[in-house]
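# A closer look at the structure
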Amino acid sequence: MNDVAHKITGAGQPDGIVACWSCNGPIAADALFCNTCWAVQPPRPMDHFARLGLDIRFAIDTAELDRRYFARQRQLHPDRFATRTPRERAISQNQAVCLNEAYEALKDPLSRATYLLKLRGIDTNPDGCNTIKDPTLLMEQMELREGLAAADTREAATQMLREAEAHVNQSLAHIGGAFAAGDLDTAGRETTRLKYLVKLVDEARTRRACFAPAAAAPAQS
Amino acid sequence: MNLLQIHEPGETPLPHEGERGLAVGIDLGTTNSVVAIAADQKAEVLRDEGGTSLIPSLVAYLDGGEVAVGEAARRVLLDRPEAVVGSIKRLMGRGAGDLKALAGALPYEIGPPAEGGMVRLKVGGRVLSPVEISADILRAVKARAETALARKVDRAVITVPAYFDDAARTATRDAARLAGLEVLRLVNEPTAAALAYGLDSAAEGLYAVYDLGGGTFDFSLLRLEKGVFQVLATGGDAALGGDDFDHAIADRFLKERGGPVDSTGAKLALVVARLAKECLSGQDEWIGTLTIGERASRHALDIRVLETLIDPLADRTIEICRHVLEDAGVEPAELGGVVLVGGSTRVPMVRRKVAGFFGREPLANIDPDEVVAVGAALQAEALTHGSDTLLLDVTPLSLGLETMGGLVEKIIERNTPIPVAKAQEFTTYQDGQSAMMIHVVQGEREMVDQCRSLARFELRGIPPMVAGAARIRVSFAVDADGLLTVSAAEQTTGIESRIEVKPSYGLSEDEMARMLRESIEHARDDMERRLLTEAQVEAERAASAVRSALAVDGDLLQSAERAAIEAVLTRVDAAVAGLDRDAIIAVAEELEEITKPFAERRMDRGIRSALAGRHVDEVNT
């Protein structure tokens, strides 16, 4: 198989050879299309990174992620199979579902970090996820939320939103550094912190929306 | 004919493609419907002999079973308002409780509901569901297209408001089926408009679509990049549109006039209100007469009063825009442009408010009444002839389940890219509980009664276990049309229950079957034709796969074996050209049987060469 074809078919877990459902001939287990009859193949189990042809790492180029996702959707989206047989339409839908799942999991840095840790056997979402065990984190989050609750103008809420966003960016930098250094403990702790910070950004946005800017005031009549 | 055609994998058009009817794009609107067709990425709106593109979405049910649609129905409206029905799109997938009254009277006369709970109307002495009435509009649209193109039209991309829920989408698909149209795809109206704009101007970057139609408001945020149309977020109100402007004006007229109002009076007041509104898009004052029965009343409206009446509605649309942008974390200044869609964007105040909020003049260089049909036609061409463009849409509303205490557990969040499939596990709350009610809802609120109920079904036969021991996995799948399928299975025993969500206000399978039987032109047609086409494409797929295999691995066969396979292939071709479904299926099975040894030899060779390859690698390392 030449290099280009190999890249297209992805680098999942090559379980060897399987039979194409359409022409019954041999194909690579992770092939998207049969190279004899070109029938679309059902999605095989593989991790989200492999699904989109990316290396398993936290620091991904989001433009590259988009490019790969779009390129695969161009090949596999149900719109490409609208006039084909019901079976091919169903397979393409399953492929598109897997691509969307992978894209959604990797696009957002928080879910990407969570997923990476899960791949490494670390669960950042143990049950009773509303309890914070780390006292430093608990103090920090309580202070930030008190600050937000005290914001009683649009300007003050905007200020809190910017502050929360700055914390998020700083946390992302920490997570990136920890993953790069292979320090999964720090990555795990910081990912838990990021979860609360992302929630804080949401709450700050909601809070700010309570104080509508001038444009939303009823027009003169 | 081309000697050599090169296609992307999986995209080779099936041989029968050329013989099929044409595929059009249809904007099935609340007030007007429009049909268009595209060739080579150029869309053309189909017009009547007079050059008019808009088909009023009005249907008149006349004596002797005659049905008139569009202008013909409008001509009857003033003389026989009780025989004419309009704005039927607002009732798609709705129950009687959802209807909007005007001065205490509904502009519709309500009949007994359908079995599935969907509202039915009394019109011209008949009792009809919104699905049947929409099907009559679609029949007229189809006829318009067939006249304009002088060809059979049997497939369509039909647009729906992005904010349409599952019930309304299903109702739209059912209406098309009744009208004898195969729905290639339901496409969201703002997405279709973006497609028309994007292909027209090769735009890139972030774009917003503000779509205020007759009955619905949609706002979508999209990213356009090299032929990809990626919807990032969408919001709207499925019951906010130009009709509500008309309601506000009609309400004022009826108050000025006083006296009791019945459904015919309400209907006539709406007609006069619309007329006044349309006049005020071009002039400052309107004076006219409202005649209901024997009594006529004079009314005047100027632009200032109109704007006071509709101001809260326009503000509500801007609020929705703000929320969508905030949700997506996008500032108005980051947008490359704002596209106006829908007839109601002709109202000057609406344009002013949009321009004010986004800080720029919105784009309206493609006719806002036609742009959605143009996009639908482009997508119909893309689906049937292949294309390089890609539409990636999202779910407009969260989908979830009722859990203990009337709370909603969301399974799929709004703005998730479709198609999507997600599952979650639930458990029993009583010892020995043998059944579980699955109640599927759509909406953003936390309590079930504030969300729209989509369906209820029961998973039975759960073996007796202590509370909390059963593992019931509920799976939600939304396809590329935005239609939902829900299934539930008990994990420890494998007992399963699956439904395609039949909306709480939908039609039952029986009702649908009866309507299909009753619609004369498709009495036998629909189901049989569908099954025949499926058998044909499946047999063609199998034959083409065998031919590809022969070209690659033909050396594995003795010449007698090859001749035998080719003889069967010839018979597959002959059967596919005919209309006998059983014959097609029989010869396709024969092909499967006779190629089995061939497939085994191909697999052997594949595995042997793979092993050899691995061996070589091992030697190298």
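Residues numbered from 1 in each chain as written. Chains lettered and ligands numbered in written order. Predicted model: local features only at pLDDT ≥ 70, side-chain atom pairs only at ≥ 80, totals over all residues.

## Description of the overall build of chain A
Tallying secondary structure elements over chain A gives eight helices and two strands in all. Listed N to C, the secondary structure of chain A is α-β-β-α-α-α-α-α-α-α in terms of helices and strands. Here chain A holds 221 residues, and the buried ones make up 37% of them. The long-range share in chain A, meaning contacts at least 24 apart out of those at least 6 apart in sequence, stands at 51%. (Helix = DSSP H or I, 4+ residues; strand = E, 2+ residues; numbered from the N terminus. Buried ≥ 20, exposed ≤ 12 C-beta atoms within 10 Å, placed from the backbone. Contact = placed C-beta atoms within 7 Å.)

## Here we look at helix α4 (residues 189–201) of chain B
Residue and element names in this part refer to chain B. An ideal rise of 1.5 Å per residue puts 18 Å on 13 residues; α4 measures up with 18 Å between its terminal C-alpha atoms. Buried residues dominate α4, accounting for 11 of its 13 residues. The first or second residue beyond α4 is A202, which carries a positive phi of 50°. (Expected span 1.5 Å × (residues − 1).)

## Thoughts on the sheet that holds strand β5 (residues 59–61) of chain B
Residues and elements named next belong to chain B. In space, the three strands of this open sheet follow the order β6-β5-β7, with antiparallel pairing throughout. Where the open sheet ends on each side, the last strands, each with one partner, are β6 (67–69) and β7 (84–85). In this structure, β5 lies alongside β7, joined through two bridges in antiparallel fashion. Paired with A60 across the bridge in β7 is V84. Sitting on the sheet, helix α2 (residues 130–149) is in contact with β5, β6 and β7, with an inclination near 70° to β6. (Pairing = 2+ DSSP bridges. Axes fitted to C-alpha atoms, helices over the stretch in contact; angles between N-to-C directions.)

## Section: the domain arrangement of chain B
Its domain assignment divides chain B into domain 1 (21–241 + 310–392), domain 2 (242–309), domain 3 (399–511) and domain 4 (524–609). Its C-alpha centre places domain 2 of chain B at a distance of 67 Å from the equivalent point of domain 4 of chain B. (Domains from an automatic or database assignment.)

## A short note on the environment of S281 of chain B
All names here are of chain B. One can find S281 in the loop between α6 (263–279) and β16 (285–292). Note on S281: 16 C-beta atoms within 10 Å, which makes it partly exposed. Through-space distance from the C-alpha of S281 to that of M436 is 56 Å; in sequence the pair is 155 residues apart. Once you skip the residues sitting within four places of it in the chain, S281 turns out to touch R346, V347 and P348.

## Section: the interface of chain B and chain A
In this assembly, 49 residues from chain B lie in contact with 40 residues from chain A. Where the side of chain B that touches chain A is concerned, the elements lending two or more residues are β12 (182–188), α7 (303–328), α8 (348–358), α9 (371–385), β19 (390–392), β22 (420–426), α11 (525–553) and α14 (596–620) of chain B. A per-element tally of the side of chain B that touches chain A places α11 of chain B first, with 11 residues. A per-class count over the side of chain B that touches chain A returns 26 nonpolar, eight polar and 15 charged. (Nonpolar A, V, L, I, M, F, W, Y, C, P; charged D, E, K, R; others polar.)

## What about the sheet that holds strand β13 (residues 205–212) of chain B?
Residue and element names in this part refer to chain B. Read across the open sheet, the five strands follow the order β18-β13-β14-β15-β19; overall the sheet is mixed. Of all strands in the sheet, those with a lone pairing partner are β18 (337–341) and β19, marking the two edges. Direction aside, neighbouring strands of the sheet carry axes that sit 25° apart on average. Bridge count for β13 against strand β14 (residues 217–225) is eight bridges, and the pairing is antiparallel. Counterpart to Y207 in the pairing with β14 is L222.

## A few points about the nonpolar core
With 200 residues, the main nonpolar core has V24, A36 and A377 of chain B as its most contacted residues. Residue contributions to this core peak at 10 residues, all from α9 of chain B. What V24 of chain B contacts, discounting residues up to four positions off in sequence, is V35, A36, I37, A145, V153, A156, A377 and A380 of chain B. Counting 18 residues, the second-largest nonpolar core is a separate cluster that includes Y115, L161, F179 and L197 of chain A. (Core = buried A, V, L, I, M, F, W, Y, C linked by C-beta atoms within 7 Å.)

## A few points about unusual backbone geometry
Between I418 of chain B and the following residue, P419 of chain B, the backbone shows a cis peptide bond with an omega angle of 0°. Secondary-structure assignment places P419 of chain B in the loop between β21 (407–412) and β22. Its identity is not glycine, yet N24 of chain A carries a phi of approximately 65°, on the positive side. Along the polypeptide, N24 of chain A turns up in the loop between β1 (17–19) and β2 (26–28). The exposure class of N24 of chain A is buried, given the 21 C-beta atoms found within 10 Å. A positive phi angle, near 50°, is found at D40 of chain B, a position not held by glycine. Tracing the backbone shows D40 of chain B in the loop between β2 (32–39) and β3 (42–45). Using a count of 7 C-beta atoms within 10 Å as the deciding quantity, one classes D40 of chain B as exposed.

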